[in-house]
Every structure is written in structure tokens, then in C-alpha cells.
Amino acid sequence: MDEYTKKYDDTIKALGGIDILLLGVGNMGHMGLNGPASPPDAKTRLVNLDKWALISSIPDFSEFKFIPKRGLTMGIPNIFDSKRVLFIATGDHKAEVVRKTVEGSVTSDLLVTHFQRNPNATVYIDEAASSRLTQTLTPWFVCSVDWTLVSNRARAVCHLSEELQKPISELETRDFLQYSLQTLIKQYPIEVLTKEVMSMLGKKIVSQSELPRGKKVIIFSPHPDDDIISMGGTLLKLVANGNSVHCIYMTPGTNAVFDHEVEKFLFNRVNFARSINDEDMLRKDQEHYDRVMKFLKEKSESKFGMKDTDDVKLIKKLIRQGEGVSTCSFCNVDGYEFLDPPLYRSGKSKKNPLSKEDIDIVWDVLVRHQPDLVYAAGDLTDPNGTHRLCLRAITKAFEKYGEGSKPELWLYRGAWQEFHPVDADIFVTMTKDDLLQKRDGIFRHQSQKDRPPQPGHSGKEFWQSSEERNLGTAKRLVGYGFEGLYAIEGFKLYRKECVLTEVINATLSLFLVH
């Protein structure tokens with residue numbers, strides 16, 4: 001191994017170094033498998049994977065037990081000596097390491113911060129990963145701000161309220177001066193400003209009685225549980241209001257089912273056939289059980305896992321479908337469909353590129369149902385990128401409407417991230433009973449309970465993350481001065497936005513990708 005890694009480094013050196021390096025960064029500051037505090041002179045080598053490297057590898061190996069405990073990583077000098085470095089980070093779980101990399105002190109405890117001294121390093125980040133940067137949170141500290149935009153005024157007032165833990169109506173002149181907002185209150189009197197922001201936010205808060213009635217509604221769900229996790233409270237209210245609601249599950253979600261769920265599924269079939277004394281059914285089901293269990297045993301004993309057979313993939317698909325149907329029954333929706341787009345047929349965590357067939361499948365749904373309202377997942381930081389691809393398929397399908405009339409497209413979040421109160425267009429209120437009912441719906445997805453196969457970056461169960469966000473949004477609004485709010489689901493009306501916005505930082509070039 002030492003001979004191989006030395007040859008690798010020598011080859012790079014002999015070729016004059018790396019011209020362009022595409023570099024991802026872990027949420028703890030890993031570069032490749034180099035830990036955040038690796039020695040600066042550490043060469044290409046075999047390393048033990050730490051906790052965070054193991055967690056981030058789960059999507060690629062389906063289960064924790066199949067993840068290799070050691071791996072090869074490029075050396076630090078090769079990385080830092082590259083002629084140009086394109087540094088990429090996406091998702092809110094990367095926001096803190098991005099902040100430290102771009103704005104923190106250069107330190108050997110976080111080697112990635114040394115890129116601040118590299119004039120040839122460019123950072124590409126999405127909106128979620130930029131969320132803790134000064135120029136996102138408090139741009140007035142680092143540059144001039146266009147206060148004629150109500151969104152900028154509202155964001156500043158909300159930030160001040162949160163920082164000082166004061167209701168918006170109680171903010172004073174000294175508060176604005178303390179946070180370098182003198183240019184804001186010079187243009188807009190404080191009383192006018194605070195009333196404007198409270199009015200803007202207050203108009204967004206709606207109860208069940210203010211939600212649509214008698215409409216045809218489609219809810220696109222990337223996986224069979226995203227609808228109930230992210231907008232379950234609103235879904236139940238839409239049904240209660242007499243809307244015709246159809247849930248469209250865009251992918252089977254088979255990659256997120258443990259093998260022991262397959263065993264349980266087949267055992268129940270065999271046991272059912274035996275219980276009703278159907279010998280022919282029992283014989284066939286027993287054959288299926290024996291064949292699949294033989295494969296699962298081989299897979300379990302393999303070093304890095306094995307690709308599921310068609311039988312196993314079908315069973316996992318049926319498990320997720322059954323849970324989706326159970327939730328639809330619980331919510332009393334009018335109908336549901338399970339799609340199988342090419343983008344999900346890779347059989348791996350990395351999905352296939354979006355194709356015309358994917359878009360056509362979504363367009364066919366829209367044409368057949370002729371909805372008035374469409375809901376789609378807008379949290380784009382899921383670990384495997386499925387949400388992002390599904391939303392692209394939907395927005396591309398919407399382009400087929402042309403300039404004619406089209407349904408409204410509302411984006412929901414909740415599983416992986418949440419809208420900032422200023423960015424959301426509607427807040428749907430929920431009582432404690434509403435939240436508990438939503439939890440019951442989430443629990444219909446038993447294969448995702450306790451320890452989901454694809455847990456994401458928080459390590460929490462999906463119902464816990466969802467409730468944390470719903471309660472957190474309500475708490476945020478209560479802090480602004482709105483009383484009587486227990487939990488909130490936020491939505492944003494889809495508007496076609498620019499693809500790339502450039503932001504320049506004093507030490508690194510940043511490109512904010514939407």
C-alpha cells in the first residue's frame with residue numbers, strides 16, 4: 001500500500017501538479033477522508049474512517065454494517081498545491097463549516113480555512129449552505145443594502161428581534177444603532193417599519209378556515225413519506241375542507257428499506273397461507289421465502305453488501321407502497337399514484353440524470369388530473385438529491401403550460417430544512433392535536449421508524465425533525481409578537497428565479513447557486 005500511495009503522489013508531482021481540483025467538504029470539515037485537523041504534510045495514505053465519515057457514507061452502502069472502516073485519501077499537499085480549487089458545499093448541514101471556512105480564523109484545527117489564503121480558490125454553495133454567512137444573515141455589516149426592498153427590511157427587523165429576544169413592536173432606536181442599522185431607520189421611521197413587518201408576517205398566518213375549498217389538489221411526494229412528514233397537518237386540513245386531494249409518489253423509495261423488513265414481509269405471507277390452510281399458496285410463498293432468505297444471508301455475510309435481486313427490490317417497493325396507501329387511508333385522500341421514473345432506476349443512492357421521460361411522466365399526471373393547486377417538496381438538501389431532481393422534473397413539466405393558465409405551485413419543506421419566515425408566503429397553523437394526528441400519520445411508515453436506513457445528517461427520526469421545525473417556526477413567530485401559535489407548516493409559492501447569483505467575499509470568491 002505504501003508503494004502504491006507513493007507512486008500516486010509521485011505521478012501527480014511529475015505531471016506538474018493538479019490543474020483543477022473539484023473539492024467537496026464534509027460538514028465537520030473533512031477534505032476527502034482527511035479529518036479537519038489532519039497534519040498539513042499528510043500524504044496520500046490509508047486512513048481509518050471516523051464517525052462523521054462513516055455516517056456520510058451510509059447512502060452509498062445502504063447499511064452501516066457494509067461501510068468499509070478504512071479508505072484511501074489524497075494527501076493534503078496535493079490539495080493545497082492545486083493550481084485552481086473549486087470548493088463545493090450544499091445543504092444546511094454544511095452551513096457552519098462554510099461559515100468557518102470563509103469567515104473564521106485560519107487555524108490548523110480546521111485545515112479547510114487555509115483556503116482563505118489561496119487566491120485561486122472558488123467556493124460554490126447553495127442557498128442552504130450560505131445561511132450562516134454574514135452576507136446572508138446580516139449583509140448590512142459588510143456591504144450596502146437596498147432598503148427599498150421590503151424583504152431586506154423585514155429580514156433585518158426579524159434578525160434584530162431574534163438577537164435581542166424582543167418582540168418587534170418593542171424594538172428601539174438604540175437597538176437598530178447597536179446592530180449597524182442606522183441607514184435603515186434613517187430612511188424608514190421605526191414605528192412605520194415595525195408595523196409594516198408585523199403586518200406582512202401577520203397576513204401570511206392562516207387557519208384551516210382560510211385554506212382552499214372545493215379545489216382539485218395534487219401533492220407530489222418524492223418518497224412515499226415526504227407528504228405526511230413535511231405537510232401532513234395541511235394535507236389533513238385540505239381534505240377536511242372538501243378538496244379533492246391526490247397524492248403522487250414520485251419514486252418507490254426502495255433504497256430506504258432494511259433487509260429485515262423483507263424477511264418480515266415474506267414471513268407474514270407464509271404464515272398467512274399456513275393459517276388459512278391454502279397448500280398451493282403456502283408452497284409458492286415458502287419457495288419465495290427460501291430463495292430470498294438465501295440471498296439475504298449471502299448479502300449479510302458479504303464484506304461490502306450486494307446489489308438487491310429483482311425479488312428483493314420488488315418486495316421493498318411493495319413495503320413502501322403499502323405504507324403510503326396506509327397513510328392515504330389515514331388522511332382520507334381521494335386517490336394516490338405510485339410513479340417509477342427513470343431517475344430512480346439506478347439502484348444506487350446516486351440517481352440517474354433527469355430525462356425527458358421523467359418530465360413527461362409528471363406532465364401526464366398534470367394533464368390527467370387538471371389540478372387547481374400543486375404542492376411539491378422544496379427542501380433541496382436531502383442527502384441523495386432525490387428531492388432536487390423531482391422538483392426539477394415538476395418545474396420542467398410546468399414549462400409545458402407556456403403562457404397559458406396553469407395551477408399554482410406551492411413548495412413545502414420540513415424533512416431537511418425550513419423556510420425563513422420572511423421567505424415563506426403562507427404559514428398554516430396547527431394545534432397540539434393537529435401535530436399529534438400528523439405524527440400518527442408518519443408512524444404509518446414503520447420501515448422508517450426508530451432508525452431509518454437513510455437518516456440524513458441530524459440522526460433524528462423524521463417525525464422528530466418535522467415536529468422540531470413546526471414548533472420552531474411557531475416559536476419564532478411568537479418571539480416576533482404573534483400570540484397563540486403552537487406549530488406551523490410553511491409554504492412558498494414557486495417563482496422562476498435566477499440560476500446563479502454571484503457574491504464576492506473579502507477572502508474567497510463565492511457563487512451562490514439556487
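See the structure shown above.
Residues numbered from 1 in each chain as written. Predicted model: local features only at pLDDT ≥ 70, side-chain atom pairs only at ≥ 80, totals over all residues. Heavy atoms only, no water.

Visitor: I'd love a proper account of the pairing of strand E9 (residues 335–338), names of residues and values included.
Guide: On E9, burial follows the alternation: Gly335 and Glu337 on one face are buried, whereas Tyr336 and Phe338 on the facing-out side are not. The pairing of strand E8 (residues 244–249) with E9 spans four bridges and is parallel. Looking at E9, one finds that tyrosine 249 is bridged to phenylalanine 338. (Buried < 20%, exposed > 50% of the residue type's maximum accessible area, 1.4 Å probe, protein only. Helix = DSSP H or I, 4+ residues; strand = E, 2+ residues; numbered from the N terminus. Pairing = 2+ DSSP bridges.)

Visitor: How would you summarise helix H17 (residues 432–442) if you had to cite specific residues and measurements?
Guide: Of all the residues in H17, the buried ones are Asp434, Leu435, Lys438, Gly441 and Ile442. Down the axis of H17, the buried side of the element spans an arc of 115 degrees, and every buried residue falls inside it. The exposed residues of H17 that point more than 90 degrees off its buried face are Lys432 and Asp433. Along its buried surface, H17 packs onto helix H11 (226–240), helix H14 (310–331), strand E12 (426–430), helix H18 (462–480) and strand E13 (487–493). (Arc of directions from axis to C-beta. Contact = heavy atoms within 4.5 Å.)

Visitor: If you had to explain the nonpolar core to someone new, which residues and values would you point to?
Guide: Ranked by size, the top nonpolar core spans 56 residues in total, and within it Phe176, Leu181 and Phe220 carry the most contacts. The biggest single contributor to this core is helix H16 (residues 386–398), with seven residues. If we ignore the near neighbours within four places in the chain, the residues touching phenylalanine 176 are Val157, Leu160, Leu171, Leu181, Gln182, Leu184, Ile185, Ile190 and Leu193. (Core = buried A, V, L, I, M, F, W, Y, C linked by side-chain atoms within 4.5 Å.)

Visitor: Would you mind going over the environment of glutamate 489 in detail, with residue names and values included?
Guide: For glutamate 489, the position within the fold is in strand E13. A relative accessible area of 1% places glutamate 489 in the buried class. Residues glutamate 489 and arginine 413, spaced 76 residues apart in sequence, show a C-alpha to C-alpha distance of 8.0 Å. A distance of 2.8 Å separates polar atoms of two side chains, one belonging to glutamate 489 and the other to lysine 438. (Polar contact = N/O pair within 3.5 Å; in protein donor to acceptor, adjacent residues only side chain to side chain.)

Visitor: Go over the sheet that holds strand E6 (residues 205–206) with me, naming the residues and quoting the values.
Guide: Strand order in the open sheet made by the eight strands is E6-E12-E13-E11-E10-E7-E8-E9, with mixed pairing throughout. Since the sheet does not close on itself, it has two edges, and those belong to E6 and E9, each with one partner. Bridge count for strand E11 (residues 408–412) against E13 is three bridges, and the pairing is antiparallel. The residue bridging tryptophan 410 from the neighbouring strand is leucine 493, located in E13. The sheet strands contacting H18 are E6, E12 and E13, and the helix crosses E13 at an angle near 90 degrees. (Axes fitted to C-alpha atoms, helices over the stretch in contact; angles between N-to-C directions.)

Visitor: Outline the packing of H17 against H18, listing residues and values.
Guide: Packing of H17 against H18 leaves a shortest axis separation of 10 Å and a crossing angle of 155 degrees. With respect to H18, the axis of H17 lies roughly antiparallel. Helix-helix and strand crossings are classified by hand; for H17 and H18 the assignment is right-handed. In contact with Leu435, Lys438, Arg439 and Ile442 of H17, H18 contributes Trp463, Ser466, Glu467, Asn470 and Leu471. Its residues placed into classes, the contact of H17 with H18 shows four nonpolar, two polar and three charged. (Parallel < 35°, antiparallel > 145°, perpendicular 65-115°, else oblique. Left-handed = near helix turned anticlockwise from the far one by under 90°. Nonpolar A, V, L, I, M, F, W, Y, C, P; charged D, E, K, R; others polar.)

Visitor: Run through H14, naming residues and quoting values.
Guide: When the terminal C-alpha atoms of H14 are compared, their 31 Å separation across 22 residues agrees well with the 32 Å that a helix rising 1.5 Å per residue should span. Along H14, the residues classified as buried are Val312, Ile315, Lys316, Ile319, Arg320, Gln321, Glu323, Gly324, Thr327, Cys328 and Cys331. Where H14 is buried, its residues contact H11, E8, helix H12 (259–275), helix H13 (279–301), E9 and H17. The positive-phi residue at the C-terminal boundary of H14 is asparagine 332, with phi of around 65 degrees. (Expected span 1.5 Å × (residues − 1).)

Visitor: Pulling in residues and values, what's your account of the pairing of strand E5 (residues 121–126)?
Guide: Counting buried positions along E5 gives five out of six residues, so the element sits mostly inside the fold. Where strand E4 (residues 84–89) lies against E5, five bridges are found, and the strand directions are parallel. Bridge pairing in E5 places phenylalanine 87 opposite valine 123. Assessed by its sense of winding, the connection that carries the chain from E4 through helix H5 (residues 95–103) to E5 is right-handed. (Right-handed = clockwise from strand over helix to strand, strands pointing away.)

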